[in-house]
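Survey of secondary and tertiary structure
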Amino acid sequence: MGFRPPGIIRRASFSGNRSASKAVDVPKGYLAVYVGEKQTRYVIPVSYLSQPSFQDLLSQAEEEFGYDHPMGGLTIPCTEDIFQHITSRMNGI
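In this report, we go over the structure that sits alongside the text. (Residues numbered from 1 in each chain as written. Predicted model: local features only at pLDDT ≥ 70, side-chain atom pairs only at ≥ 80, totals over all residues. Heavy atoms only, no water.)

Grouped together as the largest cluster of nonpolar side chains are 12 residues: Val 33, Val 35, Tyr 42, Ile 44, Tyr 48, Phe 54, Leu 57, Ile 76, Cys 78, Phe 83, Ile 86 and Met 90. For this core, the secondary structure elements donating two or more residues are β2 (30-35), β3 (40-45), α1 (52-65) and α2 (80-88). (Core = buried A, V, L, I, M, F, W, Y, C linked by side-chain atoms within 4.5 Å. Buried < 20%, exposed > 50% of the residue type's maximum accessible area, 1.4 Å probe, protein only. Helix = DSSP H or I, 4+ residues; strand = E, 2+ residues; numbered from the N terminus.)

Dropping the structure here:
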């Protein structure tokens, strides 16, 4: 499975209707995002949203997908390796 920074909860890949997952799967203060070709679900702290490197990822998501995410979740357009590298630097927040 590889290195997983603390503060990030990795969930199984989704191949189907992501909106079917329940909001109770995401603890208060966290946000679910989907990353990589397999659309692996990660549950991340909302504090990451204010970090410049994560805002860059959000800008890329806006450029690629706009604000319409018909599957119900935020998709981050990068590989899992890149996502894990970026979020690993945010662990002390």
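What follows concerns the pairing of β3. Judged by how many residues are buried, β3 sits mostly within the fold: six of six residues are covered. Bridge analysis of β2 against β3 gives six bridges, and the strand direction is antiparallel. If you follow Tyr 34 over to β3, its bridge partner there is Arg 41. Between β2 and β3, which pair antiparallel one after the other, the connecting turn spans four residues, and Gly 36 there sits at a positive phi close to 85 degrees. (Pairing = 2+ DSSP bridges.)

We now examine the packing of α1 against α2. Running from amino to carboxyl end, α1 crosses α2 at an angle of 150 degrees, the nearest separation of the two axes being 9 Å. Taken together, the axis directions place α1 and α2 in an arrangement best described as roughly antiparallel. The hand of the α1/α2 crossing is left-handed. On the side of α1, the interface is formed by Ser 53, Phe 54 and Leu 57, while α2 contributes Phe 83, Ile 86 and Thr 87. A breakdown of the residues in the contact of α1 with α2 according to their chemical character gives four nonpolar, two polar and no charged. (Axes fitted to C-alpha atoms, helices over the stretch in contact; angles between N-to-C directions. Parallel < 35°, antiparallel > 145°, perpendicular 65-115°, else oblique. Left-handed = near helix turned anticlockwise from the far one by under 90°. Contact = heavy atoms within 4.5 Å. Nonpolar A, V, L, I, M, F, W, Y, C, P; charged D, E, K, R; others polar.)

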